[in-house]
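Fold and contact review
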Amino acid sequence: MSLLSTNISSVFLKSCFYNASGCLCVTKEDILKVYNSDSGAVISKSCTFSPREGNPKPRYFENKYGSINSMGMPNKGYRFYTYMSNYLLELGDSKPCIISVSGLDFDELLTMLSYIDNMVKRPEQLVEVNLSCPNIPGEAQVSYNFKKMDNCLKQIFSNKYKKIKIGLKLSPYFDPSHILEVSNIFKKYPLHFLTCINSLGNGMIINPETDKASIVPKKGLGGIGGLYCKPIALSNVFQFYKHLGDKLTIIGCGGVQSGQDVYEHILCGASAVQIGTQLVREGPRCFTRIEQELKEILIKKNIKSIKELCGSIHKL
Ligand code: RRO
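Residues numbered from 1 in each chain as written. Predicted model: local features only at pLDDT ≥ 70, side-chain atom pairs only at ≥ 80, totals over all residues. Heavy atoms only, no water.

What follows is about the environment of Lys64. Of note, Lys64 is situated in the loop between β5 (60-62) and β6 (66-69). On the accessibility criterion, Lys64 (63% relative accessible area) is exposed. Taking the C-alpha atoms as reference points, Lys64 and Phe193, 129 residues apart in sequence, are found 31 Å from one another. (Helix = DSSP H or I, 4+ residues; strand = E, 2+ residues; numbered from the N terminus. Buried < 20%, exposed > 50% of the residue type's maximum accessible area, 1.4 Å probe, protein only.)

Following this line, the structure appears as structure tokens:
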């Protein structure tokens, strides 16, 4: 075990941070960029049964506080990302490859999960089921419909899986009663991890050069990432860790630009942390910089491992 190593469920990561799904992970070329960086893992773009082009452009915009996107789930289809996980395994590094799967259509989701379970060559394959995409016109986020989410999990776990370890990517929640309610649903199922949080859904950012909405789809509404998200992300990590931290792994996502941001997510209960907007802005070198910054903080505070830090705010 080294200073920055961690586990997601029983899967070992040499380093506790990696890309957020959607960022630098649609094509083989981009996935290889993350794979060849100092990230602790690589996660793929949320995939659907059939490949998708996504929403019309412009569909991504950023300013100094963060980003807005309405990509609309452009991806190469689930078979491609299953192939990528096997391809990366054969490259020989032990870096985990997590497959993100869209939870928008339950029938497709069940088919994709069975296929991945049968085809992957890793003994343990992490799968992040995305129940929180805010950007499909006409489709509500499943994670805001608690009954539907419960039903989805019931269907998923009525099957037995050999290799895949399933976790969920969640929307931000803004009321503790909602977090308690969904936590009680999650307790009924053998989930391995929760990723908190997806982008803040349906925000709007005006482009100051044009006085118009900065992106085109959904009349300018899109998922907000970056610094705008950090307080809500930390709060969701903190609350889910409190309810479920003894049962499953919490992965933090939202507003991570520096080693200090990673530190704060872990303090609140994350065992691993995803980086989105900053990765798009800076490229995969951000992992090298953040690694150095995080190491310096841990050494200064005499913290010996991510495990020691994880959730320690709860003990204060
Ligand atoms: O592709 C997207 O528009 C997208 C997805 Br699937 C998601 O989960 N979160 C997001 O901000 N954008």
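Turning next to the packing of aromatic side chains. If you walk through the whole model with that rule in mind, you get 12 aromatic pairs. Ring geometry for Tyr65 against Tyr228: centres 5.8 Å apart, planes inclined by 50°, an arrangement best described as tilted. Pair noted here: Tyr65 is in the loop between β5 and β6 and Tyr228 is in the loop between β14 (222-226) and α6 (230-244), with a separation of 163 residues, a long-range link. Measuring from ring centre to ring centre gives 5.0 Å for Phe80 and Tyr81, while their planes differ by 85°; the resulting arrangement is edge-to-face. In this pair, the class of Phe80 matches that of Tyr81, namely buried. Among the aromatic residues, ring-to-ring pairing joins Tyr144, Phe146, Tyr173, Phe186 and Phe240 into one connected group. (Phe/Tyr/Trp six-rings, centres within 6.5 Å; stacked < 30°, edge-to-face > 60°.)

This part is about the side chain of Ser46. Tracing the sequence through the fold places Ser46 in the loop between β4 (42-43) and β5. Within the local environment of Ser46, its side chain forms a polar contact with the side chain of Asn130, the two groups lying 3.0 Å apart. When near neighbours in sequence (up to four residues on either side) are disregarded, Ser46 contacts Ser21, Met73, Asn75, Ser100, Val101, Ser102 and Asn130. (Polar contact = N/O pair within 3.5 Å; in protein donor to acceptor, adjacent residues only side chain to side chain. Contact = heavy atoms within 4.5 Å.)

The subject of this paragraph is the packing of helix α4 (residues 146-156) against helix α5 (residues 176-186). At a minimum axis distance of 10 Å, the contact between α4 and α5 shows a crossing angle of 20°. Put simply, α4 runs roughly parallel to α5. For the crossing formed where α4 meets α5, the hand is right-handed. Touching Phe146, Met149, Asp150 and Leu153 of α4 are His178, Glu181, Val182, Ile185 and Phe186, all from α5. (Axes fitted to C-alpha atoms, helices over the stretch in contact; angles between N-to-C directions. Parallel < 35°, antiparallel > 145°, perpendicular 65-115°, else oblique. Left-handed = near helix turned anticlockwise from the far one by under 90°.)

Our next topic: the site of the ligand. In the vicinity of the ligand lie 13 residues, with Lys45, Gly72, Asn130, Asn198 and Ser199 positioned nearest. One of the side-chain N or O atoms of Asn130 is found 2.7 Å from an oxygen atom in the ligand. About the coverage of the ligand: the protein hides 93% of its 310 Å² of free accessible area. Put simply, the ligand lies in the largest pocket. In terms of residue class, the shell around the ligand is built from 5 nonpolar, 7 polar and 1 charged. (Near = heavy atom within 4 Å. Areas by Shrake-Rupley, 256 points an atom, 1.4 Å probe, with all protein chains shown as cover. 1 Å grid on protein atoms, 1.4 Å probe; cavity = no way out; pocket = protein on both sides within 12 Å on 5 of 7 lines; lining within 4 Å. Sits in = over half its atoms within 2 Å of the grid points. Nonpolar A, V, L, I, M, F, W, Y, C, P; charged D, E, K, R; others polar.)

Read across the open sheet, the 4 strands follow the order β5-β6-β14-β11; overall the sheet is antiparallel. On the outer flanks of this sheet lie β5 and β11 (200-203), each paired with one strand and no other. Across the sheet, the mean angle separating the axes of adjacent strands is 30° when strand polarity is ignored. Sheet topology note: the β6/β14 ladder contains 4 bridges and is antiparallel. Bridging from a neighbouring strand, Ile68 pairs with Ile224 of β14. (Pairing = 2+ DSSP bridges.)

In this approach, a probe sized like a water molecule rolls over the atoms, and the result shows the empty space that is left. The tally for this structure, following the rule as stated, stands at 1 cavity of 30 Å³ or more. Every residue along the wall of the largest cavity is listed here: Met73, Ser102, Gly103, Leu104, Asn130, Leu131, Ser132, Cys133, Gln141 and Val142. Of the residues in the lining of the largest cavity, the class split is 5 nonpolar, 5 polar and no charged. (Points joined across faces, edges and corners; volume = space filled by probe spheres on them.)

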